Amino acid sequence: MPFSRREFVASTAAGAALAGLGSTAFAAGSGEPDVIVIGAGLSGLEAALTLEENGLKVLVLEGRKRVGGRVYTLFDVPGHPEVGGNSIANAYGRCIAAAKKYGVEIVNLAPLLMANRAGQELFLDGAHIALKDWAEHPRNPFVGDARKLPPWAWADSMFKQHMPFKDLENWYDTNHAQYDISVHDFLASKGANEAMIRLGYDTNISYGTTSHDVSLLQQAFSDHWQNVNRGAVMGFSRTGAAPATGAAPSGGAAANPMANLLVGVFKDGNQNLPIAMSKKVKGDILHGRRVVAINTSESGASVTCSDGKVYRAKAVVCTMPFATLRDVAIDPLPPSLQWKAIRTLGHIPITQFHVVPKKPFWETDGLSPSMWTDGPLGVVLAQRPADDPKRVTSLTVWCRGQNGLFIDRYGVEEGKRMIIAEFERLRPASKGQLTVAASHSWTTDPFSGGDWAIFQPGQVRELRAAIAVPHKRLFFAGEHTAIGSRGMEGALESGERASLEVMNAIG
Ligand SMILES: Cc1cc2nc3c(=O)[nH]c(=O)nc-3n(C[C@H](O)[C@H](O)[C@H](O)COP(=O)(O)OP(=O)(O)OC[C@H]3O[C@@H](n4cnc5c(N)ncnc54)[C@H](O)[C@@H]3O)c2cc1C
C-alpha cells in the first residue's frame, strides 16, 4: 500500500517538524526572527537587506558553504573566471545601484568582448570550417542569405524577421496565449527544417534543452531583455525598438563606437557583489543549512533543515530554484497550479570546464582560442583580463542543453578527460598544454538543479501567474519569479517584490 504524503513526511526529519516534534532552533542569541529567508543568492540577500532596512529581524538559511548562489567566482583560478552569472548590461539598474550602495566597482568589458567574439572559430564534425568558406560549405543547412550567417547567428536573424511582436515587455499577458508554443514549431512554421533548427538553435542552446521545450513567449521575454539592454543601445535592435541613448556607468569606452554599451562585471569577480551585500545583513546567515521542509499557516511559518533543526518566524521568503524546491515537503501543499509549476518548470542544463593553457597553442595553429563546436566542447570562450586583452588567462568550456546533460553522465573525472581529449582532437597544437582547473555542473548541483528557469510551451499560459503568489506566510522570490528582467537583475527584482509582500502581510 503506498504511503500517503502525510505518513511519508512524518517518517522523515521533515515530517517530525511538520508534526511539531522537531527541536526548534534560532540564530544564536538573536531570538526568533520576523522573517526567514531561504537562500543567500542575490534574490535572498536583496530581500533580507530590504526587510532589515524596514525594521524587521531576518535570519538567512543557506544550503551551501558560500553566498552568491548562481553567482560564483573561481577566485583561485587565474583571471577569476565566472562559473555562474557573467555580466550585467545597461538595463541592470538594480545591480548597478547595488554595486554603488555596497561599494563594488563595475568594470565595462564591452569593447573587449566584442573583439573576442569576432574571433570565434567554427568546428563541425571535428573539422575546422573557415567562416569565409561557410556560405558554400556542404554542412551549411541554411538557405538564401542565411547561408552567409554563422550557425550561432541564424536563430537571432529568424526571430528578427519573424517574431510576431516588436518588443514584448508584457510577454506574460494572457492576450499572447496563442504564442505559448514551442520555438521549434514556430521556426518550422517559418520554413525552417530540422537540420536548420538542430544546428541553428539546439546546438549550444541558450534556453532549455531543445527548441521543443522552450515557449516562444520565453524567447520573446529574452529578446525583450536583450533589446532593452543591448540592441537598442547599439542601434541594431533585433525586435524593432527605437535606439536608446544613455551612458555606461564606468569603463574606458569613451573613444569606442560602443561607448554607450555596458557589458559589466564586478571588479575581481562577480561574487564580490553578493559577498559585499552579505556583510551588510545584520541577522545571521547560517550556512550548510539544507532546507527539507516548510510549514506555512495564516499566522506564521517554520522551516526544517536536514539536521532536524526547525526555525520559526512570522513569514518565510523562499528563493530556492523550483528544480530544488520540488524536493522540499511543503505543508500544506500550495494550490494545484503553483505546485505544478514547482514540479515542472524547466531549467537550462549548463556544465562548465575551466581550462588553463600552459602555452598559447593558438599561436601555433594560427586560429582564435575561442570556438563554437557541435561536439562535447560546445562553446569555448577565451577569458582575457580587462587591462590586457591580448592575454588569455583561461578558457571556459560551456556545455549547454543536451550536450551538458550528455557530459554530466560521464561524471566529473571522465568529463574532464573527454574535454581535454576533444581539445587535442580539434586543436592538435593543444596536446599536453591544458589543465582543467575546475568544473561545475549546475544541473547536478543539489542547490540549483540547472541554470535559468525556462517556461516550456503552454507553461506561460497555464502556470506563470501562479508561480509567485504568496502561500499563506510563505513568499516566493528568485529569478524564476521575475517578470520585468532576467538573470541577476531578475533576482534583485524578485527579492524586492517579495520583501514588499512580506511587509504588507506582517507590517
Ligand atoms: C553559467 C551561468 C551564467 C549566467 N550568466 C548570467 C549573465 O551573464 N547575466 C545575468 O544576469 N545572469 C546570468 N546568470 C543567471 C544568474 O546568475 C541567476 O539568475 C541569479 O544569480 C539567480 O539568483 P537567485 O537568487 O534567484 O538564485 P540563486 O543564486 O540560485 O540563489 C538561491 C539560493 O538558494 C540556495 N538553496 C537552494 N536550495 C536550498 C536548500 N534546499 N536549502 C537551503 N538553501 C538552498 C542556493 O544555494 C542559493 O544560494 C547565469 C547563471 C549561470 C549558472
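In every chain, residue numbers begin from 1 and rise along the written sequence. Local features are withheld for residues below a pLDDT of 70 in this predicted model, meaning they are given only at 70 or higher, and side-chain atom pairs are given and counted only at 80 or more; totals for whole chains, interfaces and linings count all residues. Hydrogens and waters are ignored; side-chain quantities use all the structure's heavy atoms.

A word on the overall build of the protein chain. A helix here means a DSSP run of H or I that spans at least four residues, while a strand means a run of E at least two residues long, and both kinds are numbered starting from the N terminus. Helix and strand counts for the protein chain come out as 18 helices and 20 strands. By the convention used here, residues are in contact when the closest approach between their heavy atoms is within 4.5 Å. Taking the intrachain contacts of the protein chain between residues at least 6 apart in sequence as the baseline, contacts between residues at least 24 apart amount to 73%. In the structure as shown, the protein chain presents an accessible area of about 20,900 Å², 53% of it carried by carbon and sulfur atoms. Each accessible area is a Shrake-Rupley result for a 1.4 Å probe, and residues are judged covered by the shown protein chains and nothing else.

Glancing now at the sheet that holds strand E7 (residues 285-286). Sheet strands pair via backbone hydrogen bonds, and the direction of the pair is either parallel or antiparallel. Any two strands between which DSSP finds at least two bridges are classified as paired. Within the open sheet, the five strands sit side by side as E7-E2-E1-E11-E20. Their pairing is parallel. The outermost strands of the open sheet, each flanked by one partner alone, are E7 and strand E20 (474-476).

This part covers the confidence of the model for the protein chain. Looking at the protein chain as a whole, its pLDDT mean stands at 89, while 87% of the residues score no less than 70. For the stretch residues 1-23, pLDDT sits under 50, and the model shows 34 contacts to residues farther than four places along the chain or on other chains. Confidence over residues 236-257 falls short of pLDDT 50; this stretch has 44 contacts with residues more than four positions distant or in other chains. Scored from 0 to 100, pLDDT records how confident the predictor is in each individual residue.

Next up on the list: empty space enclosed by the protein. In the cavity and pocket records, a cavity denotes points on a 1 Å grid over the protein atoms alone where a 1.4 Å probe fits but cannot get out, a pocket denotes an open set with protein on both sides within 12 Å along at least 5 of 7 lines, and lining residues are residues with an atom within 4 Å of a point. Grid points are joined across faces, edges and corners, and a volume is the space filled by probe spheres set on the points. As enumerated under the stated definition, the model contains two cavities of 30 Å³ or more in all. If you add up the space inside the largest cavity, you get close to 70 Å³. For the largest cavity, the full set of lining residues is Trp 171, Gln 218, Phe 221, Trp 452, Ala 453, Phe 455, Glu 479, His 480, Ala 482, Arg 486 and Gly 487. In terms of residue class, the lining of the largest cavity is made up of six nonpolar, three polar and two charged. Where a domain begins and ends is set by an automatic assignment or by a domain database. When we break the lining of the largest cavity down by domain, the ones giving at least three residues each are domain 1 (5-69 + 271-346 + 466-506) and domain 3 (142-262). In this classification, Asp, Glu, Lys and Arg are treated as charged, Ala, Val, Leu, Ile, Met, Phe, Trp, Tyr, Cys and Pro as nonpolar, and every other residue, Gly included, as polar.

Turning next to the environment of Leu 395. Residue placement: Leu 395 occurs in strand E17 (residues 394-400). Whether a residue is buried, partly exposed or exposed follows from its accessible area with a 1.4 Å probe, protein chains only, as a fraction of its type maximum: under 20%, in between, or over 50%, in that order. Owing to a relative accessible area of 0%, Leu 395 belongs among the buried residues under this scheme. Separated by 15 residues in sequence, Leu 395 and Val 380 have C-alpha atoms that sit 6.3 Å apart. Other than its neighbours up to four places away in sequence, Leu 395 contacts Phe 353, His 354, Val 355, Phe 361, Pro 369, Val 380, Leu 381, Ala 382 and Phe 423.

This paragraph deals with the site of the ligand. Proximity is defined per residue: any heavy atom of the residue falling within 4 Å of a molecule or strand makes that residue near it. Taken together, the neighbourhood of the ligand is formed by 36 residues, with Ser 43, Glu 62, Arg 70, Tyr 92 and Glu 479 sitting nearest. Counting of polar contacts relies on pairs of N or O atoms within 3.5 Å, with two restrictions inside protein: one atom must be capable of donating a hydrogen and the other of accepting it, and residues adjacent in sequence are counted only when both atoms are side-chain atoms. Arg 64 places a polar side-chain atom, nitrogen or oxygen, 2.9 Å from an oxygen atom of the ligand. At 2.8 Å, a backbone N or O of Val 291 approaches a nitrogen atom of the ligand. Notes on the ligand: free accessible area 1,000 Å², of which the protein chains cover 97%. Only helix H3 (42-53) and helix H18 (487-506) provide two or more residues apiece to the shell around the ligand. In terms of residue count, H18 provides more of the shell around the ligand than any other element does, three residues in total. Per-class residue counts for the shell around the ligand are 14 nonpolar, 15 polar and seven charged.

Attention shifts here to the pairing of strand E2 (residues 58-61). Burial along E2 is two-sided: the face carrying Val 58 and Val 60 and the face carrying Leu 59 and Leu 61 are both buried. Relative to E2, strand E1 (residues 35-38) is paired through four bridges, and the arrangement is parallel. Bridge assignment links Ile 38 to a residue of E2, and that residue is Leu 61. Handedness of a crossover: with both strands directed away from the viewer, a clockwise path from the first strand across the helix to the second marks it as right-handed. What joins E1 to E2 is H3, and the crossover it makes is right-handed. Inspection of the sheet shows E2 paired to E7 by two bridges, in the parallel sense.

Moving on: the packing of H3 against helix H11 (residues 272-280). Where H3 meets H11, the axes come as close as 10 Å, and the angle between the chain directions of the two elements is 30 degrees. Regarding the angle of H3 to H11, the classification is roughly parallel. Seen along the crossing, H3 lies across H11 with a hand that is left-handed. Here Leu 42, Leu 45, Glu 46, Leu 49 and Glu 52 of H3 come into contact with H11, specifically with Leu 273, Pro 274, Met 277, Ser 278 and Lys 280. Among the residues making up the contact of H3 with H11, the classes are represented as six nonpolar, one polar and three charged. Inter-axis angles, ranging from 0 to 180 degrees, are taken between N-to-C directions of lines fitted to C-alpha atoms, where helices are fitted over the stretch in contact. In these notes the angle categories are as follows: under 35 degrees is roughly parallel, over 145 is roughly antiparallel, 65 to 115 is roughly perpendicular, and the rest is oblique. Each helix crossing is assigned a hand: it is left-handed if the near helix lies turned anticlockwise from the far helix by less than a right angle, otherwise right-handed if that turn is clockwise.

A few words now on the pattern of salt bridges. Put simply, a salt bridge is a Lys or Arg side-chain nitrogen that is within 4 Å of an Asp or Glu carboxyl oxygen. For the coordinates displayed, the defined rule picks out 21 salt bridges. A salt bridge links Arg 64 to Asp 445; the shortest N-O distance between them is 2.5 Å. Taken as a pair, Arg 64 in the loop between E2 and helix H4 (93-101) and Asp 445 in the loop between strand E18 (434-441) and strand E19 (453-454) lie far apart in primary sequence, 381 residues in all. In terms of burial, Arg 64 and Asp 445 fall into one category: buried. A salt bridge links Arg 94 to Glu 496; the shortest N-O distance between them is 2.9 Å. Within this pair, whereas Arg 94 is found in helix H4, its partner Glu 496 is found in helix H18, the two being separated by 402 residues in sequence. One network of salt bridges, with partners in common, ties together Arg 70, Asp 451 and Glu 479.

Taken as a whole, the second largest pocket spans an internal volume of roughly 330 Å³. Broken down by secondary-structure element, the contributors of at least two residues to the lining of the second largest pocket are helix H9 (194-202) and helix H15 (401-408). In the lining of the second largest pocket, the residues fall into five nonpolar, six polar and five charged. Counting residues domain by domain, the lining of the second largest pocket receives three or more from each of domain 2 (110-140 + 348-442) and domain 3 (142-262).

Quick look at the packing of aromatic side chains now. The description of an aromatic ring pair uses the distance of the two centres, along with the angle that the planes make with each other. Centres within 6.5 Å make a pair out of two Phe, Tyr or Trp rings, where for Trp the six-membered ring is used; the pair is then stacked when the planes are under 30 degrees apart, edge-to-face when over 60, and tilted otherwise. Under the criterion given, the structure shown has 13 aromatic pairs. Geometrically, the ring pair formed by Phe 361 and Trp 362 is edge-to-face, given 5.0 Å between the ring centres and 75 degrees between the ring planes. Each member of the pair, Phe 361 as well as Trp 362, carries the same accessibility label: buried. The rule is short: NZ of Lys or CZ of Arg within 6 Å of the ring centre and within 35 degrees of the ring normal puts a charge over the ring. Of note, Arg 486 hangs over the ring of Phe 221, and the distance from its end group to the ring centre comes to 5.4 Å.

This part is about the environment of Trp 134. Mapping Trp 134 onto the fold places it in helix H6 (residues 131-134). For the pair formed by Trp 134 and Pro 150, sequence separation is 16 residues and the distance between their alpha carbons is 7.4 Å. With residues up to four places along the chain from it excluded, the contact list for Trp 134 reads Leu 122, Leu 124, Ile 129, Arg 139, Asn 140, Pro 141, Phe 142, Arg 147, Leu 149, Pro 150, Pro 151 and Leu 199.

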